[in-house]
Amino acid sequence: MRHTLLTVLMMIMTAAVSAAVAEGPLEGRLSAFRVVADANGQPALEQADAAAPGDLIEYHLNYANRSTDALGGLIINGPIPQGTAYVGQSARADIDHVLEVSIDGGSSWSTEPVMRQVRNADGSVSREQVPASEYTQIRWRLNDALQPREDLALRYRVSVSE
């Protein structure tokens, strides 16, 4: 059964995107798509108005520089809503960037793979890779300025928890 989880998440994320860019030269739009199989079994996207456990959702964050000046130093966050898990290696951008992820709600950031120290049963300490499903946010740190009238497309996927 479909539920309104995605609808609520979309409203929150859309509000966040709108609030972040409403006063400046950068316009933003967030769209969510459910990843489905087409008639040939290939991945296809359909507009997502609701989501159910097990669904794969692809977020599209589209930005446009509506000013006459280049916008440098941009960092664009992509939240990973509660009740979903980031799909590793799914983030894409059409501009040179560094992808950073957080496992603590955005207090700290790291490039992939994220490593953490764990204490073993014998008291020794080792390092282990944090699974992508534990990421709480992702962000793109753009290496290039967004030129006047230039558009930017960012993508990433999450799976809806069971």
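Residues numbered from 1 in each chain as written. Predicted model: local features only at pLDDT ≥ 70, side-chain atom pairs only at ≥ 80, totals over all residues. Heavy atoms only, no water.

**Focus on the packing of aromatic side chains**
Argument step 1. All chains considered together, the criterion is met by three aromatic pairs.
Argument step 2. For the pair Y59 and Y156, a centre-to-centre distance of 5.3 Å together with 40° between the ring planes defines the contact as tilted. Taken together, the residues Y59 in strand β3 (residues 56-65) and Y156 in strand β11 (residues 151-160) connect sequence positions 97 residues apart.
Argument step 3. Note on Y59: relative accessible area 0%, which makes it buried.
Argument step 4. On the basis of an interplanar angle of 25° and a centroid distance of 5.6 Å, the ring pair of Y86 and Y135 is categorised as stacked. In this pair, Y86 is assigned in strand β5 (residues 84-86) and Y135 in the loop between β9 (125-129) and β10 (137-142), connecting sequence segments 49 residues apart.
Argument step 5. Put simply, the rings of Y59, W140 and Y156 touch in pairs and so form one group of aromatic residues. (Phe/Tyr/Trp six-rings, centres within 6.5 Å; stacked < 30°, edge-to-face > 60°. Helix = DSSP H or I, 4+ residues; strand = E, 2+ residues; numbered from the N terminus. Buried < 20%, exposed > 50% of the residue type's maximum accessible area, 1.4 Å probe, protein only.)

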